[in-house]
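What the coordinates show
Here is what each chain is made of, one letter per residue.
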Amino acid sequence: MAKQIYDVIVIGTGAGGGMAIKTLCEAGLKVCALNAGRRLDPGKDFRFHRMPWDMKFRGLGDPKGESFGYMDNEYTKAAWDHEIPFTVAPGTKWFWPRCSAVGGKTNFWGRSSARFGDIDFKAASLDGYDVDWPLTYADIDPFYTRVEKMIGVASTVQNRPSNPDGTYLPPFNFRCLDYILEAGCKKVGVPYLPDRCAQLTQPHEGHPACHYCGECTTGCDVGAFFSSPYFLLPQAEATKSLELRTNALAKNVLVDENGQAAGVAYIDRNTKQEVEVYGRAVVVAAGCVESSRIMLNSKSRHWPNGIANSSGQLGRNLCDHLYGESARGYLPQLLGQSSFPDHVADSTIAWMPRWQNLNHAHEEDFIRGYSVYPDGGCSEFPWFAHDLDGFGTLFKREIKRRYPTPVTFGIQAPTLRSDKNYMDLDPEVKDPYGIPVARMHFEWDENTLKMWEHSKQVCAEVLKAAGGELEGSGDGPEIPGWSLHETGTCRMGNDPKNFVTNRFGQAHEVPNLYVCDASVFLNCTDKTTTISILAFTLRTSERMIESFRRGDHKAA
Amino acid sequence: MAGQGIHRREILRILGSVAAAATFPGFSKWGFACGHVGKSALQIKPAEYHPQFFSPSEYAMIERLSEIIIPSDATPGSKEAGVAEFIDFMIANDPEQQYPFRTGLVWLNGHSERLHGKRFLELTSGQQLSVLEPLGFKGKARPGEEPGRKFFALIREYAVTGFYTSEIGFRELDNPALKFYSESPECPHKGDPEHQHLPPPKS
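Owing to the predicted nature of the structure, the values given are computational and were not obtained by experimental measurement.

On to the overall build of chain A, then. Within chain A, the secondary structure is distributed over 12 helices and 16 strands. Relative to the globule expectation of 24 Å for 556 residues, the C-alpha radius of gyration of chain A, 23 Å, shows essentially globular dimensions. For chain A, the spread of C-alpha atoms along the principal axes amounts to about 80 × 55 × 50 Å. Put simply, chain A has 556 residues, and 58% of those count as buried.

In structure tokens form, the structure reads like this:
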């Protein structure tokens, strides 16, 4: 029997993989998608409105079990991958929850969806650090517009120099704390605006409106925010052009006698057997770091250092968002007021989009800029209670009085590209299937730490100007990796000597190999990554379809 | 206020689906505290709770301490919410916390004997409070009682967690989490954006 050859093998089904799969299938290409985990069942794997007392450990998880953080908890634990390890180089700390279920982290993501702009793409020209992106905002603008129409983003037109506007659903209404903090921001001279949130404030493209239960990051049972399994994969499956193989852990890209991509070898996690699938082109969309791990593990006669890696840049240039609590406190105006459903978006209603270095690249003692996500009010659990003094009736009464009042400011600050920050393969440690694991090398750079210090000062000023009481800030930034916004390791650029992929995310040296995730980004900017992964992938996928039409990608 | 909260159980009934509630069999008060008392088709009978980790005398101290930390006063407290059961269950499952809890209780008994010649539970309520106040209030701290302060902070953290993750704790705060709204809830005081002139809180 002749071996089956698909048009495209896609590794991964998250934002990048999902968009590639949908776009390619709708163009009539035969796609085999490999996903390292299983399909999720929202009724079992999502929180599904279960209350703490519905859970054995009140949602806190088994104290004996390991946990990787706020989204990977008792409600959703089974959806996260705890089997594939990674290692860290001496001195590196890296916190890294991974979801290898179908749809990946789009099942649980934070939904903030700001476009990158020329201030990001041309940052190097503005401040002299690193290099510009190999494309301009005009190249990607139409793809953002199409993605916004596809997924639905709630926001407003804001005319901010750092934030190109798009096409938006009605924004979230402001809560009491938003009006109070907005007034404080006005006094200090920093912006306070509705965030760009991919959460449906009205029915959109066949998807229902949000019901504001506030448990988004433990999975939406009705699909009222963008995720690959609700918004992309059903359309792809409807074309009958998709074969989705689950529990298929990609090991390496296979090559033909010319060193071009011929398919993918994967481990069937059920049988533990290695399986090969063949295609005319391969899309690697396993998520930044994981994609590079697969490519570094794709060693052959042609590619002794990993496929398409003559530049040696594969795995290098890892960037991440510094996260941390820049300020916390409370709003005395709201003491003792009735409780209010503040916690309806589970992360983002408002933001303080980048306001630094806008008129000139060197206004501050750091380059580039950061954004801040303020939040607070009545949350599911009164965390502030642990910091109050005393016990008894007065303590209990004070918890109730303070319940509507807490506020926090969370910074999102980009690291700069650095030779010190990269991933490689651990020379010794292998995963349970014998595949070398990723080893992380990472430290915060001085520029990013200056942003952290700056944000603490400004957020404290805002809180005080709003009439709030400042109680402190995080002891330091969160551990690297926490944001889940890692970028780089497979950057795009015009020069094959310095970049793995070209401006379309296509490997310079292996034109039928495409990378569709945040690993092609030059850095992480002050914005989140998902909407840009979607827009860049849509562009890459259409480029790939053109290549098929021209006959560039043939069977091996 | 925009939107009317609908209780999630009603929604689940409408949707015809049932959330899988934890069915850990050992609890009595969890069932009592968390069911819809008098309405539930499956009325769970309060049964005597058998501690999984603490000895009976230790468990009596856990009960008393949690009830002092979050008392039953104008509203239900730790007793009604079964906080002692929560603490026992969590500690039974958390080997790292077993030693601090056990030694903390031993310290408290020894300290009570040093101060009043009796074990903690044998003290009058007034004496118990006089032992605990220097441990629980920063302004009343006394030198030499660091182990007690540390233990009290630990059990207070568990009591707070146990209480405010119970249905009774949610009711105490009128906790709006996980309810359903037809539109994104909006501040009802837009004429006063800085919220300097809100009506005084209900006492």
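On we go.
Another point: the overall build of chain B. Assigned secondary structure in chain B consists of nine helices and zero strands. The order of helices and strands in chain B, counted from the N terminus, is α-α-α-α-α-α-α-α-α. Residue pairs in contact within chain B that sit at least 24 positions apart in sequence constitute 58% of those at least 6 positions apart.

Moving on to the environment of G329 of chain A. With respect to the secondary-structure elements, G329 of chain A resides in strand β9 (residues 321–330). The contact partners of G329 of chain A, leaving out residues within four places of it in the chain, are V407, L463, G468, E469, L470 and E471 of chain A.

To continue, consider the interface of chain B and chain A. Across the boundary between the two partners, chain B contributes 51 residues, which contact 56 residues of chain A. Among the secondary structure elements, those contributing two or more residues to the side of chain B that touches chain A are α1 (8–15), α2 (29–34), α3 (56–69), α8 (146–164) and α9 (167–173) of chain B. The element best represented in the side of chain B that touches chain A is α8 of chain B, accounting for four residues. Each residue belonging to the side of chain B that touches chain A can be placed in one class, and the counts come to 27 nonpolar, 11 polar and 13 charged.

By size, the foremost hydrophobic cluster in this structure holds 190 residues, and its most contacted members are I11, I21 and V31 of chain A. It is α8 of chain B that contributes the most residues to this core, eight residues altogether. Not counting residues within four places of it along the chain, the set of residues in contact with I21 of chain A comprises V10, T13, V31, A33, L232, L233, A236 and L242 of chain A. In this structure, L40, M71, A79 and W109 of chain A belong to the second largest nonpolar core, which totals nine residues.

Residues and elements named next belong to chain A. In terms of burial, strand β1 (residues 5–11) is a largely internal element, six of the seven residues being buried. One ladder, built from six bridges, connects β1 with strand β8 (residues 273–284); its direction is parallel. The residue bridging I9 from the neighbouring strand is V282, located in β8. The pairing of β1 with strand β2 (residues 31–34) spans four bridges and is classified as parallel. Bridge pairing links V10 to A33 in β2.

The next thing to look at is α8 of chain B. In an α-helix, one turn spans 3.6 residues, which is why side chains three or four residues apart end up on the same side. Residues and elements named next belong to chain B. With 19 residues, α8 should reach 27 Å at 1.5 Å per residue; the first-to-last C-alpha distance of 27 Å fits that figure. Among all positions in α8, only G148, F151, F152, I155, R156, Y158, A159, V160, T161, G162, F163 and Y164 are buried. For α8, the secondary structure elements touched by its buried residues are α3, α4 (78–81), α5 (83–92), α6 (95–116), α7 (125–136) and α9.

So, on to the packing of α7 of chain B against α8 of chain B. Residue and element names in this part refer to chain B. Viewed as axis vectors pointing N to C, α7 and α8 meet at an angle of 90°, and their least axial separation amounts to 8 Å. Between α7 and α8, the angle falls in the class roughly perpendicular. Contacts between α7 and α8 involve L132, L135 and G136 from the first element and G148, R149, F152 and R156 from the second. Class assignment for the residues of the contact of α7 with α8 results in three nonpolar, two polar and two charged.

Residues and elements named next belong to chain A. Taking strand neighbours across the sheet as the criterion, the four strands line up as β11-β12-β9-β15 in an open arrangement whose pairing is antiparallel. Unpaired on one side and paired on the other, β11 (371–376) and β15 (469–472) mark the two borders of the sheet. Between one strand and the next, the sheet's axes are offset by a mean angle of 30°, whatever the strand orientation. Pairing analysis gives six bridges linking β11 to strand β12 (residues 406–414), with the strands arranged antiparallel. Looking at β12, one finds that G376 is bridged to V407. Against the sheet, helix α11 (residues 446–465) makes contact with β9, β11, β12 and β15, and its axis sits at roughly 20° relative to β9, the strand it touches most.

Of note in the backbone geometry, N317 of chain A takes a positive phi value of approximately 65° without being a glycine. Residue placement: N317 of chain A occurs in the loop between α9 (290–296) and β9. One non-glycine residue with positive phi stands out, namely H195 of chain B, at about 55°. Along the chain, H195 of chain B falls in the segment after α9. A count of 20 C-beta atoms within 10 Å places H195 of chain B in the buried class.

Now for the environment of L233 of chain A. Residue and element names in this part refer to chain A. In this structure, L233 sits in helix α8 (residues 233–238). On the basis of neighbour count, L233 is assigned to the buried category, with 24 C-beta atoms found within 10 Å. Those residues in contact with L233, other than ones at most four positions away along the chain, are T13, G18, I21 and S228.

Now for the packing of α5 of chain B against α8 of chain B. Residues and elements named next belong to chain B. Taken N-terminus to C-terminus, the directions of α5 and α8 make an angle of 115°; their axes are 9 Å apart at the nearest point. Considering how the two elements wind past one another, α5 and α8 form a crossing that is right-handed. Contacts from V83, F86, I87 and M90 of α5 reach α8 at Y158, A159, G162 and F163. In terms of residue class, the contact of α5 with α8 is made up of seven nonpolar, one polar and no charged.

Residue and element names in this part refer to chain A. Locating L34 in the fold gives a position in strand β2. For L34, a count of 26 C-beta atoms within 10 Å translates into the label buried. Put simply, L34 and L244 are 210 residues apart on the chain and 6.1 Å apart in space, counted from C-alpha to C-alpha. Beyond its immediate chain neighbours, meaning those up to four positions away, L34 contacts I9, I11, R245, A248, A250, V264 and Y266.

Residues and elements named next belong to chain A. Compared with the 28 Å implied by 1.5 Å per residue over 20 residues, the 29 Å span of α11 between its first and last C-alpha is a close match. Where α11 is buried, its residues meet α6 (176–188), β9, β11, β12 and β15. Phi for G467, located one or two positions after α11, is positive at around 85°.

So, on to the sheet that holds strand β3 (residues 87–88) of chain A. Residues and elements named next belong to chain A. Strand order across the open sheet formed by three strands is β3-β14-β13, with mixed pairing between neighbours. Whereas interior strands pair on both sides, the edge strands pair on one side only; in this sheet they are β3 and β13 (422–430). Relative to strand β14 (residues 436–441), β3 is paired through two bridges, and the arrangement is parallel. When the sheet's bridge partners are listed, V88 is paired in β14 with M440.

So, how was this worked out
One numbering rule holds for all chains: residues counted from 1, following each sequence as written. Key to labels: chains lettered from A, ligands numbered from 1, both in the order written. Given that this is a predicted model, residues contribute local features only at a pLDDT of at least 70 and side-chain atom pairs are listed and counted only at 80 or more, while totals for whole chains, interfaces and linings are drawn from all residues. Numbered from the N terminus, helices here are DSSP runs of H or I no shorter than four residues, and strands are runs of E no shorter than two. Radius of gyration means the value over C-alpha atoms here, while the globule rule gives 2.2 Å times the residue count to the 0.38 power. Buried means a residue has 20 or more other C-beta atoms within 10 Å of its own C-beta, exposed means 12 or fewer, and partly exposed covers the counts in between; C-beta atoms are placed from the backbone. It is the C-beta atoms, placed from the backbone, that decide contacts: two residues are in contact if theirs lie within 7 Å. Polar here means any residue other than Ala, Val, Leu, Ile, Met, Phe, Trp, Tyr, Cys and Pro, which are nonpolar, and Asp, Glu, Lys and Arg, which are charged; Gly is therefore polar. Here a nonpolar core is just a set of buried residues of the types Ala, Val, Leu, Ile, Met, Phe, Trp, Tyr and Cys, joined wherever their C-beta atoms sit within 7 Å. Criterion used throughout: strands pair if DSSP finds at least two bridges between them. One less than the number of residues in a helix, times 1.5 Å, gives the span that helix is expected to have. A fitted line through C-alpha atoms represents every axis, and for helices the fit uses only the stretch in contact; the resulting angles, taken between N-to-C directions, go from 0 to 180 degrees. Our angle categories are set so that under 35 degrees counts as roughly parallel, over 145 as roughly antiparallel, 65 to 115 as roughly perpendicular, and the remainder as oblique. Crossing handedness follows the turn of the near helix against the far one: under a right angle anticlockwise gives a left-handed crossing, and clockwise gives a right-handed one.

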